[in-house]
Amino acid sequence: EEFRRVLEQGLRVVAPDAGAIEIHIERPKNPEHGDLSSNVAMQLAKQLKRNPREIAQKFVDAAGQSPAIESLTIAGAGFLNVRFKSGAKLEVIRRILREGNGFGRSQAEKARVQVEFVSANPTGPLHVGHGRQAALGDAIAALQEARGHAVTREFYYNDAGAQIDKLAWSVQARARGIKPGQPGWPEEGYAGEYIEEIAREISNANDLDAIRRHAVGYLRKEQDADLQAFGVKFDVYYLESSLYTDGRVDKTVNALKASGKTYDKDGALWLRTTDYGDDKDRVVRKSDGSYTYFVPDVAYHVTKWERGFRKVIDVQGTDHHSTVTRVRAGLQALGLGIPKGYPDYVLHSLVKVMRGGEEVKISKRAGSYVTLRDLIDWVGRDAVRFFLVSRKADTEFVFDVDLAREKSLENPVYYVQYAHARVCSVFAQGFTPPDAFQLERLSNEKELQLARRLEEYPDVIAVAAEELAPHSVAFYLRELAADFHSYYNAERILVEDEALRAARLALCAAVRQTLANGLSLLGVSAPEKM
RNA sequence: GCGCCCGUAGCUCAGCGGAUCAGAGUAUUGGCCUCCGAAGCCAAGGGUCGUGGGUUCGAAUCCCGCCGGGCGCGCCA
């Protein structure tokens, strides 16, 4: 902020009539380039038709003295590099120890936010794609909470559609002793081993309704157990069927008709979604009188708006990307004053699971796919979470089971957790984080580097929350851990000099706190021992 | 065929208008434990950022074409 103030002041002096210039400030990767750096002079160069270095010099002249700033220099083509006095840099340590779990959090925004994710239909165990959604969605939700929002985690599922019918038929067939592929097996029935387990509990194979209820209940329970094992909790489970029973689906269709955006063709009712950027119009009511899934989708999102969620984030696989335009178009057509870009979507691509150098495509339990449970069993919850969240959502991602199992240097999860455990081990020797310490005793380059890194944390959280990109938190934690490991190898914490020791212990406590805060956002544990 | 996404080091991936942007991990090679945890540290080699144009003072980053890969294109959900 101090640097920004200096630059703004400089801007007034150097170019009073320059229009609205956005001042970009960045943290140079190379510490030799100062603590912060800006390219304003180069941005202005074009407008002012002056050499960037010349303009930069004027900024320096205009800056005057500031108590926190050690130096303000010009480098390269016209960068302004600022270096703060080390005391100012180290202040972040006091702040972290003061704020504790609150470090990196902000109360700046305070809206009701909903994150919808997983939303698996109860037709089988959760697969790795659901796992990626669970890891992503939960971390995104945690990031929104860190910004001060009141967040609702919601799971939406279809408990009554054609997929459920297929499930019931599959279980019924199995209960009658018919196996997949044999005569009488339903078309596109579910072939996983779990179908047989459910079928074993069926007493009357003729009562399809009872079978349906039992199968749905069974799989819901199983999915809940998987989510619990993964450390993900939902606040609301929303049933698609309720949209029919409470009349919201009919209401939505009527509202769409009233909007004048619908028309009849081939015996069906269509919505002009092309008015809102869709590539073709969509059927609302089929010629047989039933509705397409598009209607409950829209009705569901109307409830989100009506429930007061002004920011809604839907986490889905990229295979659903065509629904994005459609749902938004449906909401626009209703004319409820819902913003055009509502809701936000985070689309993730699929996960390829590799083990022993080969792609794994099947599992015993589910048959045609690898389950989230398999992954947790193979490599543990923390590794699955960290891996799945440490990639940008839209990159296709190869989950290397052998790498994740490796409890050693190859595994980034352990690398970060190990840094935390290492700090803990220092305190485990009978030392406590000091109440009083002199920050200026910290003077070597690795200590200042650590302080710089710690200071970045709140910005990293803010940006990750804004961009719905939890992977940047994972990358940050890796860097913080690296800085700490490097420091720990180079310097002793528990030195004889008590004042120096106190200062170093304070730094360690700050590192521990920040690692714990970041890991908790990702749903990964911060162990004291490993 | 059309739409969306993606091509960066051997492999897995960050960076996505700013020169200080050619990066991390891993793999390979060589060093570091009588001392707070070696699940660690230090160092070396390794890339025309798919490709051809364009815009710009400046392009991995923005625009267009092409090549390669993923996903979606139902009165299925």
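Just so it is clear, the model here is predicted, and its values are computed rather than measured.

Definitions and cut-offs
- Residues numbered from 1 in each chain as written.
- Chains lettered and ligands numbered in written order.
- Predicted model: local features only at pLDDT ≥ 70, side-chain atom pairs only at ≥ 80, totals over all residues.
- Pairing = 2+ DSSP bridges.
- Helix = DSSP H or I, 4+ residues; strand = E, 2+ residues; numbered from the N terminus.
- Axes fitted to C-alpha atoms, helices over the stretch in contact; angles between N-to-C directions.
- Contact = placed C-beta atoms within 7 Å.
- Buried ≥ 20, exposed ≤ 12 C-beta atoms within 10 Å, placed from the backbone.
- Parallel < 35°, antiparallel > 145°, perpendicular 65-115°, else oblique.
- Nonpolar A, V, L, I, M, F, W, Y, C, P; charged D, E, K, R; others polar.

Reading across the sheet, the three strands line up as β14-β13-β15 and stay open at both edges, with mixed pairing between neighbours. The two strands at the open ends of the sheet, each matched to only one other strand, are β14 (358-360) and β15 (397-400). For this sheet, the mean inter-axis angle between neighbouring strands, taken without regard to orientation, is 45°. Of the strand pairs in this sheet, strand β13 (residues 351-355) and β14 are connected by three bridges, and their pairing is antiparallel. Pairing of valine 353 across the sheet is with valine 360, part of β14.

What follows concerns the environment of valine 360. Secondary-structure assignment places valine 360 in strand β14. Along the backbone, valine 360 and valine 401 are 41 residues apart, and their C-alpha atoms lie at a distance of 9.8 Å. Discounting residues that sit within four places of it in the chain, valine 360 has contacts with Val353, Arg355 and Val370.

Let us now look at the pairing of β15. Residues Phe397 and Phe399 point to one face of β15 and are all buried, whereas Val398 and Asp400, pointing to the other face, are not buried. In terms of strand pairing, β13 meets β15 through four bridges, oriented parallel. By the bridge assignment, valine 351 is partnered in β15 with phenylalanine 397.

Now for helix α13 (residues 372-379). When we look at burial in α13, the residues that qualify are Leu372, Arg373, Asp374, Leu375 and Val379. Each element contacted by the buried residues of α13 is listed here: α5 (128-146), α8 (208-230), α14 (381-389) and α15 (401-405). One or two positions beyond α13, positive phi appears at glycine 380, with a value near 90°.

Looking now at the packing of helix α10 (residues 248-258) against helix α11 (residues 294-306). Viewed as axis vectors pointing N to C, α10 and α11 meet at an angle of 95°, and their least axial separation amounts to 9 Å. Compared by their axis directions, α10 and α11 come out roughly perpendicular. Along its contact with α10, which presents Arg248, Val249, Thr252 and Val253, the element α11 presents Val295, Pro296, Val298, Ala299, Val302 and Thr303. Residue composition of the contact of α10 with α11, grouped by class: seven nonpolar, two polar and one charged.

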